[in-house]
Amino acid sequence: RRLWADDAFWRTLRNTLAFALGLVVFLNLIAFLAALALDGNGRIRKTLRVLFLIPTLLSGLSIGYMWSYMYSPIFGVINSALDAVGLGALKQDWLGDPKLALPSVIFAHMWQWTGFHMIIFLGALQSVSKELLEAAEIDGAGPWKRLLNVTVPQVRPAFTVSVILATIGGLKVFDTIMIMTQGGPGGATDSLSTLLYRMAFNFNDMGYASAIGLVMLAFIMLISYAQLRVLRAGGE
C-alpha cells in the first residue's frame, strides 16, 4: 500500500521505463548499423570491432566517472569541443539540467554497451545466406530491399536477444546513474535501483527496499516475457 501511494516510486518507475525504452530503440539501432558497416574480413573492420568492444570491458564506475568529467560544464571536453568549432551557444550543463540529464546518462550507458550488441548482430549477419542475397540481387532487388526482405528476417533471433538484454539492462541500471548524478537533479534520473539503494542503505528501510526489489523483478519478468512472445510471433 505504501509503494502504490508513493509519488517517488512512480517518478522513478517512469524514469526507469524511459531509460529502458531509450536503450531498446537507440542502442539496437546503432548496434545494428555498426554491425552492417563492419561486417566483413578487412583489417580496418577488424580493428574497429575491437575499438567498439573496449568500452564493454570497462566497469560501470569507470564509465560513470569518465562521462561525468566529459559532461562537466566548465572543464568537460564536450563543451570545449563545441567552443572550438564555433558552436559555443550549444554548450549545456548536461547533468545539471533536468531535461538533459536523463538523455545524457542514457547516451553514456549506450556508449558502453553498443559494442556488445554489435557483436550479437555481427554473429547473425555472418550466418545470413549469401545464396539468397545473390538471388535477390539477380531478381533486381536493390540494397534496401535486400536488407529488409532477406537480411532482417534472418537476423530476427539476434534482435530478440539484443532487445531483451537491453530491456533488462535498462530496467536494472544502477552504477552509471549513481556515479554520474545519484538520481539528480531533482530526481530527474532516479531509477528503481537507486531508490531501492537509498531506502535500504541511507534510510535503513529494508522492508520497503525489499518491496521495491520485488516490483522490479516482476516488471523485468513480465516485460521480458511480453517482448519474447511478440518478437517470436513476428518471426513466425
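Residues numbered from 1 in each chain as written. Predicted model: local features only at pLDDT ≥ 70, side-chain atom pairs only at ≥ 80, totals over all residues. Heavy atoms only, no water.

Student: Which parts of the structure should I look at to understand helix α8 (residues 156–171)?
Tutor: Spacing of three or four residues puts side chains on the same side of an α-helix, whose turn is 3.6 residues. In this model, α8 (16 residues) spans 23 Å end to end at C-alpha, consistent with the 22 Å of a helix rising 1.5 Å per residue. Among the residues making up α8, those that are buried are Ala 158, Thr 160, Ser 162, Val 163, Ile 164, Ala 166, Thr 167, Gly 169, Gly 170 and Leu 171. (Helix = DSSP H or I, 4+ residues; strand = E, 2+ residues; numbered from the N terminus. Expected span 1.5 Å × (residues − 1). Buried < 20%, exposed > 50% of the residue type's maximum accessible area, 1.4 Å probe, protein only.)

Student: Which parts of the structure should I look at to understand the layout of surface pockets?
Tutor: Gaps left between atoms are located by rolling a probe of water-molecule size over the structure's atoms. Taken as a whole, the largest pocket holds about 290 Å³ of empty space. Around the largest pocket sit 15 residues that line it, and His 109, Trp 113, Leu 165, Gly 169 and Lys 172 are the ones nearest its centre. Listing elements by their share of the lining of the largest pocket, those giving two or more residues are α1 (7–38), α5 (98–125) and α8. Taken as a whole, the second largest pocket holds about 170 Å³ of empty space. Forming the boundary of the second largest pocket are Val 24, Asn 28, Leu 29, Phe 32, Leu 33, Arg 156, Phe 159, Val 163 and Leu 231. Put simply, the parts of the chain that give the lining of the second largest pocket at least two residues each are α1 and α8. Here the element with the most residues in the lining of the second largest pocket is α1; it accounts for five residues. Looking at the lining of the second largest pocket residue by residue, the class counts come to seven nonpolar, one polar and one charged. (1 Å grid on protein atoms, 1.4 Å probe; cavity = no way out; pocket = protein on both sides within 12 Å on 5 of 7 lines; lining within 4 Å. Points joined across faces, edges and corners; volume = space filled by probe spheres on them. Nonpolar A, V, L, I, M, F, W, Y, C, P; charged D, E, K, R; others polar.)

Student: It is not clear to me how the nonpolar core should be interpreted in this structure. Could you clarify?
Tutor: One recurring pattern in soluble globular proteins: nonpolar side chains tend to sit buried together. Phe 19, Leu 23, Trp 67, Tyr 71, Val 105, Ile 106 and Met 180 are the most contacted members of the largest nonpolar core, which totals 21 residues. Looking at this core, the elements with two or more residues in it are α1, α3 (60–70), α5, α8 and α9 (175–180). Sequence-distant contacts of Val 105, defined by excluding residues within four places in its chain, comprise Phe 19, Leu 95, Thr 176, Ile 177, Met 180, Thr 181 and Thr 189. Formed by 14 residues, the second largest nonpolar core is a distinct cluster that contains Phe 32, Leu 38, Met 118 and Phe 121. (Core = buried A, V, L, I, M, F, W, Y, C linked by side-chain atoms within 4.5 Å. Contact = heavy atoms within 4.5 Å.)

Student: What is the right way to read empty space enclosed by the protein from this model?
Tutor: Scanning the model with the defined rule gives one cavity of 30 Å³ or more in all. Considered as a void within the structure, the largest cavity measures approximately 40 Å³ in volume. What lines the largest cavity is Leu 13, Leu 17, Leu 171, Leu 192, Met 216, Phe 219 and Ile 220. Of all the elements in the fold, those that place two or more residues in the lining of the largest cavity are α1 and α11 (206–234). Of all the elements, α11 adds the most residues to the lining of the largest cavity, at three residues. Classifying every residue of the lining of the largest cavity by side-chain character gives seven nonpolar, no polar and no charged.

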